[in-house]
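Observations on the model geometry
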Amino acid sequence: MFSQPYLDLPPLKSASGSVALPGSKSISNRVLLLAALSEGQTWVHDLLDSDDTQVMLNALEQLGCHLIKEQHSVRITGLGGSLKNTAELTLFLGNAGTAMRPLCAALSLLGANVSMTGVQRMYERPIKDLVSALEQIGARIEYLQEPGFPPLRLQRSNIKINGPIRVRGDVSSQFLTALLLALPLVSQDSDIHIEVVGELISKPYIEITLNLLAQFGVQVQRDEWRTFTITKGSKYISPGAIHIESDASSASYFIAAAALSEGTEVLKIQGIGAHSIQGDIRFVEAARLMGAQITMGPQHLEIKANQRQLRGIDLDCNHIPDAAMTLVMMALFAKGETHLRNIGSWRVKETDRISAMAKECRKLGAVVEEGPDWLRIQPIEASQWRAASVHTYDDHRMAMCFSLAAFNPNAQTIRIEDPRCVGKTFPNYFETLFNLVQTQGDVIPVICIDGPTASGKGTLASKVAERLGFHYLDSGALYRLSAFLATEHGIELALTQESAIVDLVSKLSLRFEGPLIFIDDREISQLIRSEEVGMNASKVSAMPMLRAALIDLQRSFKCLPGLVADGRDMASVIFPGSKLKIYLTADALTRAKRRHKQLISMGITANIDNLYEDLKARDERDMTRLVAPLKPAADALLLDNSDLSIEQSVEWVLNWWQSKNIA
Ligand code: DC
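What this report covers is the structure whose coordinates are included nearby. (Residues numbered from 1 in each chain as written. Predicted model: local features only at pLDDT ≥ 70, side-chain atom pairs only at ≥ 80, totals over all residues. Heavy atoms only, no water.)

1. Things to note about the nonpolar core
Of all hydrophobic cores here, the largest spans 84 residues; its most connected members are Ile 269 and Leu 327. In terms of residues, this core owes the most to one element, helix 7 (residues 248-259), which gives nine residues. When neighbours within four sequence positions are excluded, Ile 269 is seen to be in contact with Val 19, Leu 21, Ala 251, Phe 254, Ile 255, Gln 299, His 300, Leu 301 and Ile 303. If you look at the next biggest cluster of nonpolar residues, it comprises 82 residues, including Leu 60, Cys 65, Cys 104 and Val 220. (Core = buried A, V, L, I, M, F, W, Y, C linked by side-chain atoms within 4.5 Å. Buried < 20%, exposed > 50% of the residue type's maximum accessible area, 1.4 Å probe, protein only. Helix = DSSP H or I, 4+ residues; strand = E, 2+ residues; numbered from the N terminus. Contact = heavy atoms within 4.5 Å.)

2. Structural notes on the pairing of strand 14 (residues 227-230)
With burial as the criterion, each face of strand 14 is covered, one bearing Thr 227 and Thr 229 and the other bearing Phe 228 and Ile 230. Judged from the four bridges that link them, strand 12 (residues 192-197) and strand 14 form a sheet pairing that is antiparallel. Of the residues in strand 14, the one forming a bridge with Ile 194 is Phe 228. Note that strand 13 (residues 220-223) and strand 14 share four bridges and pair antiparallel. Following the sheet pairing, Arg 222 is matched in strand 14 by Phe 228. (Pairing = 2+ DSSP bridges.)

3. Some points on the pattern of salt bridges
Applying the stated rule across the entire model yields 36 salt bridges. A salt bridge links Glu 142 to Arg 153; the nearest nitrogen and oxygen atoms lie 3.2 Å apart. Of this pair, Glu 142 sits in strand 9 (residues 140-143) while Arg 153 is found in strand 10 (residues 152-155), placing the two residues eleven residues apart along the sequence. For Lys 558, the salt bridge goes to Asp 442, with nearest N and O atoms at 2.7 Å. Here the residue Lys 558 occupies a position in the loop between helix 18 (551-555) and strand 31 (563-566), and Asp 442 occupies one in the loop between strand 25 (437-439) and strand 26 (446-450), the gap between them amounting to 116 residues. Members of the salt-bridge network, linked through shared partners, are Lys 25, Asp 52, Asp 322, Lys 349, Glu 350, Arg 353, Asp 395, Arg 397 and Lys 424. (Salt bridge = Lys/Arg side-chain N within 4 Å of Asp/Glu carboxyl O.)

4. Quick look at the site of the ligand
Near the ligand, the surroundings consist of 14 residues, among which Ser 475, Arg 480, Arg 547, Arg 568 and Arg 625 are the closest. Alone, the ligand offers 450 Å² of accessible surface; in the complex the protein occludes 91% of this. Where the shell around the ligand is concerned, the elements lending two or more residues are helix 14 (475-488) and helix 16 (531-540). Here the shell around the ligand gets four residues from one element, more than from any other, and that element is helix 14. Among the residues making up the shell around the ligand, the classes are represented as three nonpolar, five polar and six charged. (Near = heavy atom within 4 Å. Areas by Shrake-Rupley, 256 points an atom, 1.4 Å probe, with all protein chains shown as cover. Nonpolar A, V, L, I, M, F, W, Y, C, P; charged D, E, K, R; others polar.)

5. With respect to the packing of helix 1 (residues 25-37) against helix 6 (residues 203-215)
Relative orientation of the contacting elements helix 1 and helix 6 amounts to 35 degrees, with a least axis distance of 10 Å. Where helix 1 crosses over helix 6, the two elements pack in a sense that is right-handed. Facing Ser 26, Ile 27, Arg 30, Val 31 and Leu 34 of helix 1, the residues of helix 6 in contact are Tyr 205, Ile 208, Thr 209, Leu 212 and Leu 213. Tallied by class, the residues present in the contact of helix 1 with helix 6 amount to seven nonpolar, two polar and one charged. (Axes fitted to C-alpha atoms, helices over the stretch in contact; angles between N-to-C directions. Left-handed = near helix turned anticlockwise from the far one by under 90°.)

6. Examining the sheet that holds strand 29 (residues 516-519)
If you walk across this open sheet you meet the three strands as 28-29-30, and the pairing is antiparallel. Two strands close off the open sheet at either side, each with one partner strand: strand 28 (510-513) and strand 30 (522-523). Two strands pair when backbone bridges link them, and strand 29 and strand 30 are joined in this way by two bridges, in the antiparallel orientation. Each residue of the ladder has a partner; that of Phe 518, found in strand 30, is Glu 523. Where helix 14 meets the sheet, its contacts fall on strand 28, strand 29 and strand 30, and the angle it forms with strand 29 comes to roughly 40 degrees.

7. Here we look at helix 16
Turning to helix 16, its buried residues number three or more, namely Val 533, Gly 534, Asn 536, Ala 537 and Val 540. The arc that holds every buried residue of helix 16, seen down its axis, measures 165 degrees, which confines them to one face. Here the buried face of helix 16 lies against helix 14, helix 15 (498-506) and helix 17 (544-549). (Arc of directions from axis to C-beta.)

8. Describing the pairing of strand 6 (residues 73-77)
Of the pairings in the sheet, the one linking strand 4 (residues 41-45) to strand 6 comprises four bridges and is antiparallel in character. Looking at strand 6, one finds that Thr 42 is bridged to Ile 76. Where strand 5 (residues 66-70) meets strand 6, five bridges bridge the pair, whose relative direction is antiparallel. Paired with His 66 across the strands is Thr 77, a residue of strand 6. Where strand 5 hands over to strand 6, the hairpin turn is made up of two residues, of which Gln 71 adopts a positive phi near 45 degrees.

Right under this line is the structure:
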């Protein structure tokens, strides 16, 4: 199974260029629910594709909504105010508060018979204030474990509205959002009044809710932030199609990355700007207070590199609860201390973010004080930054925030644990970042793996790459495809034809997508795997001009966050400075048995004795050939895997790698 325990970020220097970010999580999940409650069809364009939207989509499908997906769009046929599926259901909602809370409200009003479950952290996130508000109007909601927390079971009930519905606003604004999104369902007979008890937090998120309700035909009267009135007879009317703007909270990491950059370059963020309806767009103001230079267009942002100019601030961050986490990271680079206040809601988010931020910043060398609803951060002096392994608490924002520590001026490597937790809102976060950044010098790590034929180096290299989140170069494939194409073009595989082969290969448009290889859009990954192509590859790989012609292409695979390269001269010619070089071997008989098993499983008859003799002869040829002979690089570590499983070999390599990196 795919698992990536950590991602090491080499020291980064700057971020520049242009980027379009994925859709807003808050808007996506609200729109999905509104489309589901409306009658008729809604095209939702540029929908965020992430864990939180996926659980919402799954739930809606279970409830009987018809969904058609097309790339970044989904067409939803709404329920039109009544449930199609009345059977008893269990909806799994992961750790998505934006799914749990509004669905709880809508489904209890629709009289659904459902259980609502999620991951363990979801069971630690309060929902009592919403449940109490719904109970005032007759909803029947049972706590299945801890009172006040999910999981929940909703039961059919008689909803009656006799007066204002009171809801607390000072724990999570999602309770009020949930009521606002759902109550139009039961507004046939009278106006519905919602009264907020306590000071309403995160008001901009309520503005998003009101804005989207209006786009779906529901007008809500607002009296200050105290009373909200849904007009009698309100009905959800699909706008037909709706476009989701880019996520403003996600933009904060790129704004910060650009502001923390050295140099004079500019980063442009497309798809979000002054016209945004998201509260976190006001992160721009906070970042400017710290000294960031940001130009805002209606639908784009431009940020200038500014690392040495940032200054500490004292700010009430109630209006930007999510993006304010990014200010903590900027504060580590600023001059003077930063005091972020009124952030109590952080304690009930994906994790207790106040304590998590403080703890992990201290690992980097920072002095951080925390209070019940505040953080005070002292910047880290350039020479005091430490390499650290940052725990991310299954919280996407922790992982994204701490990636910014890689811009530290002390050139320390930063390890992000469980980096794939970014999938909650931004599955390609790291890939997007890597496409924009420049490193502090030649710091992209390379691991080279070589060894005799059938030693299992390809399997080992690709698995190590998967575990580390690194790119993978199968250099043998380049010789295989050269041989394959030469044969296809009728070129004889003789040294006299070398320049014709080089000419042919240099003109190709090659593309690598994971394990797939394309030549001019033709997929040839399997075609080059035959024994015959392997034999021919062995011939062309002895051609010095061809080897030289492939050098730049092979080096171009060295991209962030790192590369695992397998093949003959990786450690000596292509990446002589690589951090870890491994020579993988196994005795010839073991290799013959493995090859035999492999061939049999492919339905090819084979004889072990013949294979054994062949392998020994091939080893001899490979080791004695003049051009790029098979031999361990001088500084390679020897790994004999005769008695090791693939997993054990992978662990060996990862342990060696670990010992060369952060302890
Ligand atoms: O690893 P493989 O079987 O796919 O390699 C095909 C041929 O290319 C094999 O004869 C080894 C040779 N080769 C090479 O000379 N240099 C490399 N870097 C990789 C492979």
